[in-house]
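Coordinate inspection notes
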Amino acid sequence: MTPALVPPPAPAPGTRARLGAWAELLRVSALFTVPGDALAGAAASGAARPRTTALAIGCSLCLYEAGMALNDWADRAEDAAERPHRPLPSGRITAPAALLAASALTVAGLALAARAGGPALLVAGALAGTVWAYDLRLKHTPWGPLAMGAARGLDVLLGAAAQPGARTRAALPAAGALTAHTTAVTAVSRHEVRGGSVGAPLAALAASTALGGALVRGALARRLPRTRPVPPAPPAGRVAAAAPGPPGPTLAAALAAGYALSAGRPFLHAALNPSPQLTGRAVGGGIRAMIPLQGALAARTGALGAALVTTALAPLAKALSRRVNPT
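Heads up: these notes are all about the structure in this document. Computed from a predicted structure; not experimentally measured.

Calculation notes
Residues numbered from 1 in each chain as written. Predicted model: local features only at pLDDT ≥ 70, side-chain atom pairs only at ≥ 80, totals over all residues. Heavy atoms only, no water. Buried < 20%, exposed > 50% of the residue type's maximum accessible area, 1.4 Å probe, protein only. Helix = DSSP H or I, 4+ residues; strand = E, 2+ residues; numbered from the N terminus. Phe/Tyr/Trp six-rings, centres within 6.5 Å; stacked < 30°, edge-to-face > 60°. Lys NZ or Arg CZ within 6 Å of the ring centre and 35° of its normal. Contact = heavy atoms within 4.5 Å. 1 Å grid on protein atoms, 1.4 Å probe; cavity = no way out; pocket = protein on both sides within 12 Å on 5 of 7 lines; lining within 4 Å. Points joined across faces, edges and corners; volume = space filled by probe spheres on them. Core = buried A, V, L, I, M, F, W, Y, C linked by side-chain atoms within 4.5 Å. Salt bridge = Lys/Arg side-chain N within 4 Å of Asp/Glu carboxyl O. Expected span 1.5 Å × (residues − 1).

**Description of helix α2 (residues 35-45)**
α2 sits mainly inside the fold: eleven of its eleven residues count as buried. Within α2, burial applies to Pro35, Gly36, Asp37, Ala38, Leu39, Ala40, Gly41, Ala42, Ala43, Ala44 and Ser45. The first or second residue beyond α2 is glycine 46, which carries a positive phi of 75 degrees.

Here it is as structure tokens:
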């Protein structure tokens with residue numbers, strides 16, 4: 001007689017609570033916005049390799065989570081007054097544990113970058129330094145939004161630096177796009193607790209609209225060659241079929257338009273009604289809008305696989321954001 005299979009015991013309520021606290025601290029729903037940085041950078045380099053791209057993604061994830069843990073450690077006194085439900089002020093996670101996690105994740109990220117080569121380690125070191133400088137010194141200064149934007153830009157460059165030949169400069173336009181978008185979102189996030197700002201979401205709306213429009217125009221311009229050869233006349237009785245446009249630029253244009261719409265709508269709502277609730281939704285929407293932006297940047301280089309993989313992360317981020325606050 002075959003013995004009955006005994007299901008594994010369910011985690012104790014205390015274990016679930018601890019896992020939930022760490023998921024909240026690390027903002028796991030926002031993790032889905034991270035791989036697209038390295039994928040866009042690798043695509044821009046023109047020499048993407050699965051192994052080195054995976055190492056860059058792993059490094060990005062570690063450094064991103066390090067920044068999340070360090071953020072709450074640095075803001076624990078402020079959160080005690082404004083966000084007492086957060087994991088540290090509520091006592092669900094201790095401050096030393098958060099700091100240890102930030103340090104360990106930083107070391108792990110740098111170790112992964114080192115395996116991808118010297119150029120990747122150099123960029124990862126700059127990224128780690130920017131993350132720690134932002135959380136510990138720059139966050140509440142006028143340089144805070146730009147520092148956060150620079151971190152995203154460096155994350156894109158990391159994807160390119162990890163590839164053979166390290167054509168990092170080729171990823172500068174993509175890095176600039178992510179830097180601009182992230183800077184705008186971070187400026188809005190400064191008002192999500194108290195609300196009241198019309199200028200920040202309006203500026204973010206203008207930035208996302210301009211960026212999305214530029215990407216759409218650039219993609220459409222690539223759909224047709226500069227000179228059109230005259231096609232041969234079709235046989236008698238037949239009608240020549242229209243040649244389909246290149247799939248890369250077409251997909252890039254569609255994703256860029258989707259980015260502008262997904263980012264612009266919550267920014268507009270927050271500008272019309274700058275309440276804390278709508279401002280917070282604008283921040284979350286702006287974070288998730290990075291995914292179609294990354295997909296558009298990958299698709300414009302012809303890397304359709306990277307674009308589709310990145311885009312597939314969007315529904316996962318949206319679904320998980322309903323359970324864990326990403327900001």
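Still more ground to cover, so stick around.
**Observations regarding the packing of aromatic side chains**
Considering all chains together, one arrives at zero aromatic pairs under this definition. Its end group placed over the ring of tryptophan 73, arginine 76 keeps NZ or CZ at 4.3 Å from the ring centre.

**What to know about unusual backbone geometry**
For residues other than glycine, phi is negative in most cases, and the peptide bonds are mostly trans. Non-glycine residue arginine 27 carries a positive phi angle of around 50 degrees. Within the secondary structure layout, arginine 27 lies in the loop between α1 (13-26) and α2.

**Details of the side chain of threonine 182**
Residue placement: threonine 182 occurs in helix α8 (residues 172-189). Residue threonine 182 is classed as buried on the basis of its relative accessible area, which comes to 3%. The contact partners of threonine 182, leaving out residues within four places of it in the chain, are Met148, Gly149, Arg152 and Met290.

**A few points about empty space enclosed by the protein**
By the definition in use, this model includes one cavity of 30 Å³ or more. Empty space within the largest cavity amounts to approximately 30 Å³. Of all the elements in the fold, those that place two or more residues in the lining of the largest cavity are α9 (199-222) and α10 (247-272). At three residues, the largest contribution of residues to the lining of the largest cavity is made by α10.

**Side note on the nonpolar core**
Within the largest apolar cluster, 65 residues are counted, with the highest numbers of intra-cluster contacts made by Leu127, Leu158, Val188, Phe267, Leu293 and Leu297. Broken down by element, the residue count for this core peaks at eight residues, all from α10. Aside from chain neighbours lying at most four places away, what touches leucine 297 is Ala40, Ala174, Ala177, Leu178 and Leu215. One finds Ala21, Ala69, Ile93 and Ala101 within the second-largest nonpolar core, a separate group that totals ten residues.

**Remarks on the pattern of salt bridges**
Opposite charge on two side chains makes pairing possible when the charged atoms of those side chains draw close. Counting across every chain of the model gives nine salt bridges. Across the pair lysine 139 and aspartate 75 runs a salt bridge, and its minimum N-O distance is 2.8 Å. You can see lysine 139 sitting in the loop between α6 (118-138) and α7 (144-161) and its partner aspartate 75 sitting in the loop between α3 (50-74) and α4 (76-82), a full 64 residues away along the chain. Each member of the pair, lysine 139 together with aspartate 75, is buried. For the salt bridge of aspartate 135 with lysine 139, the shortest nitrogen-to-oxygen distance reads 3.9 Å. By relative accessible area, aspartate 135 is classed as buried at 7%. Overall, lysine 139 belongs to the buried group, its relative accessible area being 8%. One salt-bridge network, held together by shared partners, links Glu24, Arg27, Asp72, Arg86 and Arg92.

**Observations regarding α7**
In this model, α7 (18 residues) spans 25 Å end to end at C-alpha, consistent with the 26 Å of a helix rising 1.5 Å per residue. Buried residues dominate α7, accounting for 15 of its 18 residues.

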